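Structural overview for review
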Amino acid sequence: MLHISAVVGARPNFMKMAPLLAEVRQRANVTARLIHTGQHYSPEMSATFFDELGMPTPDVNLEVGSGSQTGQTAGVMLRLEPEFLEHRPDVVLVVGDVNSTVAAALVAAKLEIPVAHVEAGLRSFDRRMPEEINRLVTDALSDYLFASEPAGVANLRAEGAAPEKVFLVGNVMIDTLIRCRARAAQTEVVERLGLRTGGYAVVTLHRPSNVDDPANLEGLMRMLAELAGRIPVVFPMHPRTRERLGSFLVPPGLLLTPPLGYLEFLRLTSEARMVLTDSGGLQEETTILKVPCLTLRENTERPITIEQGTNRLVGVKPEIILAAALKTLDHPPAARQDPDLWDGQASGRILDILEAACRKRTS
Ligand code: UD1
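Residues numbered from 1 in each chain as written. Predicted model: local features only at pLDDT ≥ 70, side-chain atom pairs only at ≥ 80, totals over all residues. Heavy atoms only, no water.

Quick look at the overall build of the chain
The helix and strand inventory of the chain stands at 16 helices and 13 strands. A compact globule built from 363 residues should have a C-alpha radius of gyration of about 21 Å, and the chain, at 20 Å, falls within 12% of that. Projected onto its principal axes, the C-alpha coordinates of the chain cover approximately 65 × 40 × 40 Å. The buried share of the chain, taken over its 363 residues, is 58%. Within the chain, residue pairs in contact and separated by at least 24 positions form 69% of the contacts whose partners lie at least 6 positions apart. (Helix = DSSP H or I, 4+ residues; strand = E, 2+ residues; numbered from the N terminus. Rg over C-alpha atoms; globule rule 2.2 N^0.38 Å. Buried < 20%, exposed > 50% of the residue type's maximum accessible area, 1.4 Å probe, protein only. Contact = heavy atoms within 4.5 Å.)

What about unusual backbone geometry?
The phi torsion at Phe-125 lies on the positive side, around 60°, for a residue other than glycine. Turning to its location among the elements, Phe-125 is positioned in the loop between strand 5 (115–118) and helix 5 (130–141). The phi dihedral of Leu-341 is positive, around 70°, even though this residue is not glycine. One can find Leu-341 in the loop between helix 15 (318–330) and helix 16 (346–362).

Concerning the sheet that holds strand 12 (residues 293–295)
Strand order in this open sheet of six strands is 10-9-8-11-12-13, and the pairing throughout is parallel. Two strands in the sheet have a free side with no partner beyond their single neighbour: strand 10 (254–257) and strand 13 (311–313). Recorded for the sheet is a direction-independent mean angle of 20° between the axes of neighbouring strands. Bridge count for strand 9 (residues 233–236) against strand 10 is four bridges, and the pairing is parallel. Of the residues in strand 10, the one forming a bridge with Val-233 is Leu-254. Taken strand by strand, helix 12 (residues 262–270) contacts strand 8 (201–204), strand 9 and strand 11 (274–277), and its axis lies near 130° from that of strand 8. (Pairing = 2+ DSSP bridges. Axes fitted to C-alpha atoms, helices over the stretch in contact; angles between N-to-C directions.)

Comments concerning the site of the ligand
Near the ligand, the surroundings consist of 19 residues, among which His-40, Tyr-41, Ser-42, Glu-131 and Glu-243 are the closest. Asn-99 is positioned with one of its backbone polar atoms (N or O) 2.8 Å from an oxygen atom of the ligand. Within the side chain of His-206, a nitrogen or oxygen atom sits 2.8 Å from an oxygen atom of the ligand. Of all the secondary structure elements, the ones that give two or more residues to the shell around the ligand are helix 3 (69–87), helix 5 and helix 11 (239–245). Of the residues in the shell around the ligand, the class split is seven nonpolar, nine polar and three charged. (Near = heavy atom within 4 Å. Polar contact = N/O pair within 3.5 Å; in protein donor to acceptor, adjacent residues only side chain to side chain. Nonpolar A, V, L, I, M, F, W, Y, C, P; charged D, E, K, R; others polar.)

Quick look at the packing of aromatic side chains
Across all of its chains, the model carries four aromatic pairs by this definition. The interplanar angle of 45° and the centroid separation of 6.4 Å between the aromatic rings of Phe-14 and Phe-49 together place this pair among those described as tilted. In this pair, Phe-14 is assigned in helix 1 (residues 11–25) and Phe-49 in helix 2 (residues 47–52), connecting sequence segments 35 residues apart. Taken individually, Phe-14 and Phe-49 each receive the classification buried, so the pair is uniform in this respect. (Phe/Tyr/Trp six-rings, centres within 6.5 Å; stacked < 30°, edge-to-face > 60°.)

A few points about the side chain of Thr-286
If you trace the backbone, Thr-286 turns up in helix 13 (residues 281–289). Not counting chain neighbours up to four residues away, the residues in contact with Thr-286 comprise Val-275, Val-291, Cys-293 and Thr-310.

Observations regarding the state of the cysteines
Taken as a whole, this structure holds zero disulfides when the rule is applied. We note that Cys-180 lacks a disulfide partner, and the nearest cysteine sulfur, in Cys-293, lies 20 Å from it. On the accessibility criterion, Cys-180 (5% relative accessible area) is buried. (Disulfide = S-S within 2.5 Å.)

Quick look at the pattern of salt bridges
The final tally for this structure, using the stated rule, is 26 salt bridges. Residue Arg-244 is joined to Glu-243 by a salt bridge in which the shortest nitrogen-to-oxygen separation is 3.0 Å. When its relative accessible area of 59% is taken as the criterion, Glu-243 is described as exposed. Connected through salt bridges with shared partners, the residues Lys-16, Asp-97, Glu-119, Glu-132, Arg-135, Glu-284, Arg-297, Glu-301 and Arg-302 form a single ionic network. (Salt bridge = Lys/Arg side-chain N within 4 Å of Asp/Glu carboxyl O.)

Overview of the pairing of strand 6 (residues 144–147)
Of the two faces of strand 6, the one lined by Tyr-144 and Phe-146 and the one lined by Leu-145 and Ala-147 are each fully buried. Between the parallel elements strand 5 and strand 6, the chain passes through helix 5 in a crossover that is right-handed. Pairing of strand 6 with strand 7 (residues 166–168) involves three bridges; the strand directions are parallel. Directly across from Phe-146, in strand 7, lies its bridge partner Phe-167. Where the polypeptide runs from strand 6 across helix 6 (residues 150–158) and back to strand 7, its parallel neighbour, the crossover connection is right-handed. (Right-handed = clockwise from strand over helix to strand, strands pointing away.)

These results come straight from atomic positions and should not be treated as a statement about function.
Have a look at this one:
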């Protein structure tokens, strides 16, 4: 038997872990204990996703909540140690690059429990991003490094990871997208918001570098309002961004909504004319959906979305972003190619590898 402890904490973890847990349920010789750190706790940032993605109720919720980078990471570590000590899993499974990911990897490694990291090897080479630190540390401590794209493999090799630990398996988040597309199409979010298929832009922004400085954020909001003069702009707003906006008067023309559930958001982005974002995952999802994506950052850890997908880096200067958005409206880029192994089967490949390693250990 293979006993996995699967750790999730924040919104982008849920759609990555869901297909892995579904795969575990198909296998007679694998069990998973699901641990929610509680990094995200609002219903619209957490519970909604569990329901929509068919994830089991977590076996335990550590209820760590919000805090500073260190406070949150240390809080998860302190609460995870007794959990791992009591249950002694064969492997701790972590996904992505949030604070809960690195906290779980640190605790497991110190207890000599093997760590499997899904979405390993991605690098923005920008250590001002908290996620970059999380990625570097998690990968350095992991025994199984599951990469979603070739750049991930190359980065890990360049950092000296043993080749036998590194596996190119594809993208588990795309497993979820493919599984949920038909159900997403049945939601009515486009009609509810009074939009027309192909006739609106979707915006998401939540990175500290874009939203934490009020002057910066206000500049971006004014730019979006100008864009809204050309095409309706919908902005489902992350709680962090909402908080930073404070009493700033949102310019007319922008359609602000609370964070949406997975299915509604998938329908909204699938039928958008264009997406403007600083999210990592959305760069990948738009690549598969063939929707033009402008990334409001100076760098990306997901280069395949530019090389083969619909993604373009446009930086963080409002006038340059606006010019790029208007150009995309007038001359939409041609649809491109799906990255290799982003085929809906990544979770199966990962479980095959973990099960084979378990059989080898016990034989
Ligand atoms: C975290 C991840 C980021 C990921 C993002 C997706 C880290 C370092 N960052 O950033 O990589 O892209 O999640 O959402 O792990 N809040 C709520 N309700 C919640 C959660 C948060 O209101 O359920 C508010 C709180 O005011 C909190 C703020 O959002 O202080 C930020 O939350 P936090 O988990 O610290 O980081 P995110 O910006 O969500």
